[in-house]
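So the chains spell out like this:
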Amino acid sequence: MKQLLPLGLPGTEKPGPIIIAGPCSAETLEQTMSTALDLSRNGIKIFRAGIWKPRTKPGGFEGIGEKGLCWLSEVKKATGMSTSTEVATKAHVEAAINAGIDMLWIGARTSANPFAMQEIADTIAKLNPDIPVLVKNPVNPDLELWIGALMRLYNAGVRRLGAIHRGFSTYGKHLYRNVPQWEVPFELARRYSNLPIICDPSHIGGKRELVGPLSQEALDMGFDGLIIESHCNPDCALSDKSQQVTPEVLNFILSTLVVRDQVQTTENLAMLRRQIDSLDNQLIDVLGRRMAVCREIGQYKKDHRMTIVQAGRYDSIMNSRVEAAKKIGMDGEFMRTVLAAIHEESVRQQLEILNRR
Ligand code: PEP
Ligand code: MN
């Protein structure tokens, strides 16, 4: 994806974060318009509203459908904001482009589906390859699938592309509705430095009180913008009510955000980075030496016909290291994860020795 073009809508020029806001769903003309007028008064330039809603189970509010597209045209006329909506099928793309929607986004359930993505990509390319398209990460943390979805659009000829990080589904209870696993969008940014990546704190957090902190975290980590759900009366929203904030609250959140300079690095920062480089090299070196000792142990165990894994030993290593880590202010769970990964690799290396003739 070497020849990406800028998104090209007002409010997406650098510097400064791209801000997209609006309700999860367009529900009525009044709700859509009232939300839009308040957002526009607060300086928002790009309006979002879902027209077709992919719901987990049948029976929920599945979106107002095509007639909502006229409401978005009304919003554009009344406020001058650009409009955006989610498309999940060829028919959605046709209807949205015919209605003059300015930007499309692909939802997390759709970006996980290569057949749907190909059909959407081909339809957009045929009807309006110049329209900007944002691709949400697939529901599962699969970076290649996310890139694949973007590439289908790119290969079809759609060049105004961006990505939205909205977190990943998990089973069980978590602080977040969708766990962020920031390393996935970081790797996307590393591979495609010209691709704008926008954070969706509403769907990551799933709760109003997490929108502000997650937004700041995203800006601190260098995301190019935010897409935030805002509704004139969140408690009565027909979808995602617990994560939507009023335009007034959104305005307050945005006013508290600190936008940091991504380009300028001070000498201090450069020095700190050099320290990190050096510490990482030391870590690699120490790990390499640890593995060399493990291989020697492997040889010993082979010579003495011992089993590779000795549960008691593993348990005592784990407990003593976790305690030591906690004493210097590290999280015990973090240390367990690191040790488990190191242990797994040690076992793999010892098995290699065992199976060697
Ligand atoms: C949405 O943006 O309202 C939405 C349905 O998002 P996601 O695809 O991230 O679940
Ligand atoms: Mn939503």
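Our structure's up above, just so we're on the same page.
What comes next concerns the included structure. For clarity, every value in this text was computed on a predicted model and none was experimentally measured. (Residues numbered from 1 in each chain as written. Chains lettered and ligands numbered in written order. Predicted model: local features only at pLDDT ≥ 70, side-chain atom pairs only at ≥ 80, totals over all residues. Heavy atoms only, no water.)

**So, the site of ligand 1**
Item 1. For ligand 1, the full set of nearby residues is Cys24, Arg48, Lys53, Glu86, Trp105, Gly107, Ala108, Arg109, Lys136, Arg166, His203 and Glu229.
Item 2. With respect to ligand 1, the side chain of Arg48 contributes an N or O atom lying 2.9 Å from an oxygen atom.
Item 3. One of the side-chain nitrogen or oxygen atoms of His203 is found 3.3 Å away from an oxygen atom of ligand 1.
Item 4. Protein contacts shield 97% of the accessible area of ligand 1, which totals 300 Å² for the unbound molecule.
Item 5. By residue class, the composition of the shell around ligand 1 is three nonpolar, two polar and seven charged. (Near = heavy atom within 4 Å. Polar contact = N/O pair within 3.5 Å; in protein donor to acceptor, adjacent residues only side chain to side chain. Areas by Shrake-Rupley, 256 points an atom, 1.4 Å probe, with all protein chains shown as cover. Nonpolar A, V, L, I, M, F, W, Y, C, P; charged D, E, K, R; others polar.)

**Regarding the sheet that holds strand β1 (residues 18–22)**
Item 1. Ordered in space as β1-β2-β3-β4-β5-β6-β7-β8, the eight strands form a closed barrel in which the pairing is parallel. Strand after strand, the sheet turns through a mean of 25° between neighbouring axes, direction not considered.
Item 2. Looking at chain direction, strand β7 (residues 197–199) and strand β8 (residues 225–229) are connected through two bridges and run parallel. Bridging across to β8, Ile198 finds its partner in Gly225.
Item 3. Sheet strands in contact with helix α6 (residues 143–156) are β5 (133–136) and β6 (161–165), and its direction is about 160° off that of β6.
Item 4. Its contacts with the sheet place helix α9 (residues 208–220) against β7 and β8, and it is angled at close to 165° to β8. (Pairing = 2+ DSSP bridges. Helix = DSSP H or I, 4+ residues; strand = E, 2+ residues; numbered from the N terminus. Axes fitted to C-alpha atoms, helices over the stretch in contact; angles between N-to-C directions. Contact = heavy atoms within 4.5 Å.)

**Quick word on the nonpolar core**
Item 1. Judged by nonpolar contacts, the single largest core of 66 residues is most densely connected at Ile124, Leu153, Leu161 and Leu188.
Item 2. Looking at this core element by element, the count peaks at seven residues for α6.
Item 3. Aside from chain neighbours lying at most four places away, what touches Leu153 is Met117, Ala121, Ile124, Val133, Val135, Val158 and Leu161.
Item 4. If you look at the next biggest cluster of nonpolar residues, it comprises 11 residues, including Leu9, Ile18, Ile20 and Trp105. (Core = buried A, V, L, I, M, F, W, Y, C linked by side-chain atoms within 4.5 Å. Buried < 20%, exposed > 50% of the residue type's maximum accessible area, 1.4 Å probe, protein only.)

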